[in-house]
Amino acid sequence: MGEFKVHRVRFFDYMPTAIRAMAFNSRTERLALARADGALEIFNFADNYFQEKVIPGQDGRAVEALCWVGQRLFSAGLNGEITEYDLENLRPRYTVEAYGGPIWTISINSQGTLLAVGCEDGTVKMFEILEERIQFQRNLDRQKGRIISLSWHPSGTLIAAGMMDMIRIFDAETGRATHRLLVERGVGASKSREVVVWSIVFLSDHTIVSGDSAGKVQIWDGVTGTLVRTHLVTKWDVLALSVSKDESSLVAGTSEGTVVQFQFISSTVDQQDKEWVRTRTFKNHSHDVRALAHTETAVVSGGMDTQLVVRPLLDKVEKNTQESALRKMSLPHRSLVCCAKKAGLLLFQFPDHLELWRLGESDGHGKPGDSLPVKRKPEKLIQLKRKGEDHICCSALSPCGGWLAYSTVTSFRLYRLQNNNISVTKVSKLPKDLRSAHQLCFSPDSSKLFASSSHSSVIVVGLNQPECKYLHTLKPKSGSRQPVHLLFASEDGKWLATANADCEIHVYNLDKLKLHCTVPVYSSCPTAIAINPTTSNLVAVHADQQIFEFSLVQKEYTEWSRKLQKQGLHSLWLERDTPITRVAFNPKNPAHIILHDMFMFCIIDQSLPLPEAKTPFYNQMTLRSLPEPQRLVHSHAFKICKNFQHLMCVSLLEDHSLVVVERPLLNITSQLPAPVRQKKFAT
Amino acid sequence: MAKKQRGKSASSTKTADIKQQTDHFSLMLESSDDEGPEEVTFEDSKAEALRSMKQALDTARREKEQLKEKRRKRQELFQEQKKRKLLPADVLEEIDSAPSKMQKQCQEEADEEQQEAEEDQQRKKKRKRSGKLAHARNLKGNYTVQTAKERDSASFQQQAAEDFLQSRMYGPGSCRTTSNELLSLQNKTGRNKSAAVQFVKKDWACNEKAKAEKLKKRWVHKQQIPSC
């Protein structure tokens with residue numbers, strides 16, 4: 001099979017940021033997630049929870065709340081601005097200053113016409129939704145405290161606002177505050193502190209449910225303004241609430257990391273007296289849960305421990321199926337590491353800087369499983385800080401290690417590396433068309449740079465020392481408006497493959513600089529693409545874990561791909577819950593395909609038979625115990641190695657050694673902010 | 001009568017004075033109650049007052065000097081004790097070199113060495129870190145915690161709102177602990193019980209480990225010196 005010297009890299013200090021807010025769009029089945037650094041992520045729940053789009057953050061854009069208005073996405077933050085996002089070009093479309101101080105919450109009425117924001121100065125501001133923008137309509141009655149949370153009544157006539165120590169109900173038409181519901185403070189030491197109503201939900205039967213910092217979930221009657229029931233859920237704060245569309249189930253997220261479910265059911269057999277009863281408790285987080293979304297079949301939660309957890313509810317989905325499994329998204333679904341194969345360099349992308357490292361060396365020899373002595377340690381060569389407020393969107397390193405490029409939503413920078421990769425010089429004259437890119441890729445001979453720009457087009461720029469020249473813009477025929485998120489240039493410099501969020505894969509001929517062919521569109525979004533240098537076959541892996549191989553010369557699927565589709569992939573392969581983010585090839589053996597996801601890396605040997613449904617899938621250990629001649633009988637094409645966790649990149653260098661970049665989740669957990677102290681018996 | 005008194009008071013000491021005076025008074029009281037009080041001349045009483053003040057000042061000065069003397073003696077005693085307590089110079093050198101080696105090792109493992117070209121950026125990074133630590137809070141022992149959120153904010157209002165959020169979530173009365181403790185508890189209550197995380201992971205808690213090394217060396221040396 002193969003013996004590889006492995007560079008085990010654990011000095012990539014990647015730290016994800018906490019999840020601050022989320023909003024689920026049930027019509028398109030997309031979840032929008034806002035992180036503490038202002039970055040936005042869109043997950044496609046219908047496509048195996050794939051992270052489709054990422055909009056990078058910005059310094060000072062402290063997003064506090066998100067809201068979908070049809071297909072449009074709005075956010076509001078502590079900088080006092082409401083921002084609408086352009087999801088096709090992955091950037092903010094415009095911002096509107098609300099002039100009310102920091103904005104704590106944003107909410108749309110069920111008709112989709114009025115957007116309400118709750119501000120620090122105690123006003124609830126109404127904005128009208130127009131075609132291309134929003135327009136300020138009026139303020140409701142100004143209150144004495146800050147407005148922390150808002151909820152529209154489904155009829156659109158009333159708004160409930162959660163403030164400090166109280167809840168106010170406003171009449172949306174007149175703007176007057178009609179009711180004031182006083183929330184009790186906590187007991188003991190917290191009696192001197194004001195209680196903050198962190199979140200509030202207004203149901204159609206005029207019931208108001210509120211979650212506050214004293215750890216209570218309270219049910220109020222919105223008509224009379226009286227308290228119906230109090231549930232003390234936790235000793236700390238209840239930070240988030242979310243109700244299902246049919247208003248039969250409600251979830252509350254706490255500072256402890258638990259998510260408590262309440263259901264509107266009757267305690268006796270007759271349907272008459274239904275009430276909100278606490279049913280389930282989910283403990284899927286170690287830190288505070290700050291954002292919740294209740295979809296039809298699942299509860300989605302996220303918080304300070306930076307992981308997105310989707311917990312399907314077992315009364316809505318079938319038990320013990322792939323659908324009912326708990327899903328955790330910890331690492332991003334795209335690669336943040338760029339490996340220069342010829343130079344042995346690694347480029348790490350952080351939101352605010354880039355790091356260039358040289359890999360270490362070892363010339364020891366040993367048996368499989370040994371740790372070799374390191375002759376020269378890996379060293380950090382360059383740390384490049386970004387300029388401006390916008391965070392880095394994408395970055396690339398040329399295979400020879402001579403060029404470095406990165407892009408934000410507003411700027412693009414190209415650098416030349418010299419003196420054995422220690423000195424950095426900025427290339428100042430850049431072509432006008434190259435303003436910002438969603439994805440960057442260098443050609444293998446470092447003569448061209450490919451940058452994906454608006455509406456699935458790719459800009460080709462020629463690199464000649466010391467400057468770069470605009471060559472061509474490649475456009476697909478389909479006229480798709482979605483951005484390109486994957487780029488791959490073949491080793492011989494003849495082909496360029498692109499994949500966009502519309503699930504289209506286009507291949508361009510670089511000699512003629514025009515479109516060569518389009519791979520038949522598959523329903524799932526591609527997560528990794530690559531072109532085999534020897535056979536010129538395009539391998540594409542999709543979010544639902546399907547693998548396809550397409551011959552570029554003959555413009556059709558290869559024999560092996562058809563055989564794989566006919567037999568079907570093994571169920572254990574299809575049940576994996578993290579996507580493949582990189583595909584690589586072994587120049588010594590063209591039949592090998594190297595893939596990896598977060599928990600394993602796999603070498604697919606196309607010359608071996610495909611595994612049947614009943615054969616044991618992870619058979620590497622058993623094969624090793626068998627004697628040589630018997631191994632060939634039992635082996636199948638998928639060779640999986642789980643020795644390295646949690647993987648961010650697996651790549652093959654020119655000298656036939658593997659580079660494995662690991663980021664153990666324990667190291668991420670150790671640097672998170674303080675969790676609550678829970679006194680447990682016998683500790 | 002009065003003349004006799006004056007003569008007596010002029011020659012004797014203060015205590016004798018008081019005694020005699022009281023004696024006299026008692027005698028007086030015993031003998032005749034209805035006689036008027038004695039006359040004391042102005043000069044006499046002035047002299048008396050001055051003398052008593054001088055004596056008071058003298059005693060105060062004497063006391064101060066005595067106290068100074070005591071303090072000086074004490075200080076000298078401490079110095080001597082400290083000299084005695086300190087180990088010989090060569091052992092100290094050995095101890096100092098060992099923990100710095102350990103710390104260097106930890107630092108190397110934690111962040112790799114930098115080239116000269118980006119020393120500036122490295123310095124900036126270190127400065128940035130110390131700036132961040134300024135917003136940190138001590139929770140338990142020497143462990144400091146800071147939020148991962150960026151604190152750069154454009155306006156005063158935004159900063160105030162962020163401070164409000166920070167104080168409600170992590171301020172006093174929020175009952176927080178450290179990640180170390182959370183992970184250590186998980187280790188101790190999990191299926192395969194193991195030690196607290198700072199002992200399990202090699203590059204955690206470098207400072208504490210260096211201190212422990214130092215203390216161990218000192219203790220060992222102390223055991224070897226015969227007690228005096």
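Rules of the game
- Residues numbered from 1 in each chain as written.
- Chains lettered and ligands numbered in written order.
- Predicted model: local features only at pLDDT ≥ 70, side-chain atom pairs only at ≥ 80, totals over all residues.
- Heavy atoms only, no water.
- Helix = DSSP H or I, 4+ residues; strand = E, 2+ residues; numbered from the N terminus.
- Polar contact = N/O pair within 3.5 Å; in protein donor to acceptor, adjacent residues only side chain to side chain.
- Contact = heavy atoms within 4.5 Å.
- Domains from an automatic or database assignment.
- Buried < 20%, exposed > 50% of the residue type's maximum accessible area, 1.4 Å probe, protein only.
- Buried area = accessible area lost by both parts, 1.4 Å probe.
- Salt bridge = Lys/Arg side-chain N within 4 Å of Asp/Glu carboxyl O.
- Nonpolar A, V, L, I, M, F, W, Y, C, P; charged D, E, K, R; others polar.
- Pairing = 2+ DSSP bridges.
- Axes fitted to C-alpha atoms, helices over the stretch in contact; angles between N-to-C directions.
- Core = buried A, V, L, I, M, F, W, Y, C linked by side-chain atoms within 4.5 Å.

What about the side chain of Gln545(A)?
All names here are of chain A.
In step 1: As for its placement among the helices and strands, Gln545 is situated in the loop between strand E47 (537-542) and strand E48 (547-551).
In step 2: Engagement of the side chain of Gln545 in a polar contact is seen with the side chain of Arg576, the distance being 2.7 Å.
In step 3: In this view, Gln545 contacts Asn48, Leu569, Trp573, Leu574, Arg576, Asp577, Thr578, Pro579 and Ile580; residues no more than four positions away in its chain are not counted.

Notes on the domain arrangement of chain A
In step 1: The domains assigned to chain A are domain 1 (19-241), domain 2 (242-314) and domain 3 (337-671).
In step 2: Each of domain 2 of chain A and domain 3 of chain A was reduced to a C-alpha centroid, and the two centroids are 39 Å apart.

Brief notes about unusual backbone geometry
Residues and elements named next belong to chain A.
In step 1: Residue His646 follows Gln645 across a cis peptide bond; omega there is -20°.
In step 2: Its location among the elements puts His646 in the loop between strand E53 (638-641) and strand E54 (647-652).
In step 3: Positive phi values are uncommon outside glycine, yet His455 reaches one of about 55°.
In step 4: Taking relative accessible area as the criterion, His455 reaches 30% and is therefore assigned partly exposed.
In step 5: We note that Cys503 has phi near 65°; this positive angle belongs to a residue other than glycine.
In step 6: The residue Cys503 is located in the loop between strand E43 (495-500) and strand E44 (505-509) in this model.

Overview of the side chain of Ser213(A)
In step 1: If you trace the backbone, Ser213(A) turns up in the loop between strand E19 (207-211) and strand E20 (216-221).
In step 2: Residue classification places Ser213(A) among the buried residues on the basis of a relative accessible area of 11%.
In step 3: In this structure the side chain of Ser213(A) is engaged in a polar contact, spanning 3.3 Å, whose partner is the side chain of Arg168(B).
In step 4: When neighbours within four sequence positions are excluded, Ser213(A) is seen to be in contact with Glu194(A), Val195(A), Val196(A), Trp198(A), Trp236(A), Asp237(A) and Arg168(B).

What to know about the interface of chain B and chain A
In step 1: Taken together, the contact between chain B and chain A spans 42 residues of the former and 52 residues of the latter.
In step 2: Between chain B and chain A, a total of about 3900 Å² is buried, with carbon and sulfur atoms accounting for 57% of that surface.
In step 3: The tally of links from chain B across to chain A stands at one salt bridge.
In step 4: In this structure, the salt-bridge partner of Arg176(B) is Asp288(A), at a minimum N-O distance of 2.8 Å.
In step 5: Summed over the shared surface of chain B and chain A, the result is nine residue pairs in polar contact (both at pLDDT 80 or more).
In step 6: At the level of secondary structure, the elements contributing two or more residues to the side of chain B that touches chain A comprise helix H5 (119-133), helix H6 (156-170) and helix H7 (179-189) of chain B.
In step 7: In terms of residues, the side of chain B that touches chain A owes the most to one element, H6(B), which gives ten residues.
In step 8: Here the side of chain B that touches chain A is built from residues that sort into 15 nonpolar, 14 polar and 13 charged.

Looking at the pattern of salt bridges
Residues and elements named next belong to chain A.
In step 1: In the structure shown here, the tally under the stated rule is 29 salt bridges over all chains.
In step 2: The closest approach of N and O atoms between Arg10 and Glu662, which form a salt bridge, is 3.8 Å. One end of the pair, Arg10, is in the loop between strand E1 (6-9) and strand E2 (19-25); the other, Glu662, is in strand E55 (residues 658-662), and 652 residues separate them in sequence.
In step 3: For Glu662, a relative accessible area of 1% puts it in the buried group.
In step 4: One salt bridge in this structure joins Lys216 and Asp212, with 3.3 Å as the shortest N-O distance.

Re the pairing of strand E42 (residues 484-489) of chain A
In step 1: Summarising burial for E42(A): five of the six residues are buried, a large majority.
In step 2: Between the antiparallel neighbours E42(A) and E43(A) lie five residues, among them Gly493(A) with a positive phi of about 75°.

Some points on the sheet that holds strand E10 (residues 103-108) of chain A
Residues and elements named next belong to chain A.
In step 1: Read from one edge to the other, the open sheet built from four strands follows the order E10-E11-E12-E13, with strand pairing classed as antiparallel. Either end of the sheet is taken by a strand with one partner, and the two such strands are E10 and strand E13 (134-139). If you compare each strand with its neighbour and ignore which way they point, the axes differ by 25° on average.

Side note on the nonpolar core
When a protein is soluble and globular, its nonpolar side chains tend to lie buried together.
Residue and element names in this part refer to chain A.
In step 1: Ranked by internal contacts, the top residues of the largest apolar core, which has 23 residues, are Ile547, Trp573, Ile580, Val583, Leu595, Ile604 and Phe638.
In step 2: Where this core is concerned, the elements lending two or more residues are strand E46 (526-531), E47, helix H1 (559-567), strand E50 (582-586), strand E51 (589-596), strand E52 (601-605) and E53.
In step 3: Counting 21 residues, the second-largest nonpolar core is a separate cluster that includes Tyr14, Val337, Leu653 and Val661.

Description of the environment of Met169(B)
In step 1: Mapped onto the secondary structure, Met169(B) falls in helix H6.
In step 2: For Met169(B), a relative accessible area of 4% translates into the label buried.
In step 3: For the pair formed by Met169(B) and Trp219(B), sequence separation is 50 residues and the distance between their alpha carbons is 43 Å.
In step 4: With sequence-adjacent residues up to four places away left out, Met169(B) is seen in contact with Leu239(A), Asp288(A), Arg290(A), Ser174(B) and Arg176(B).

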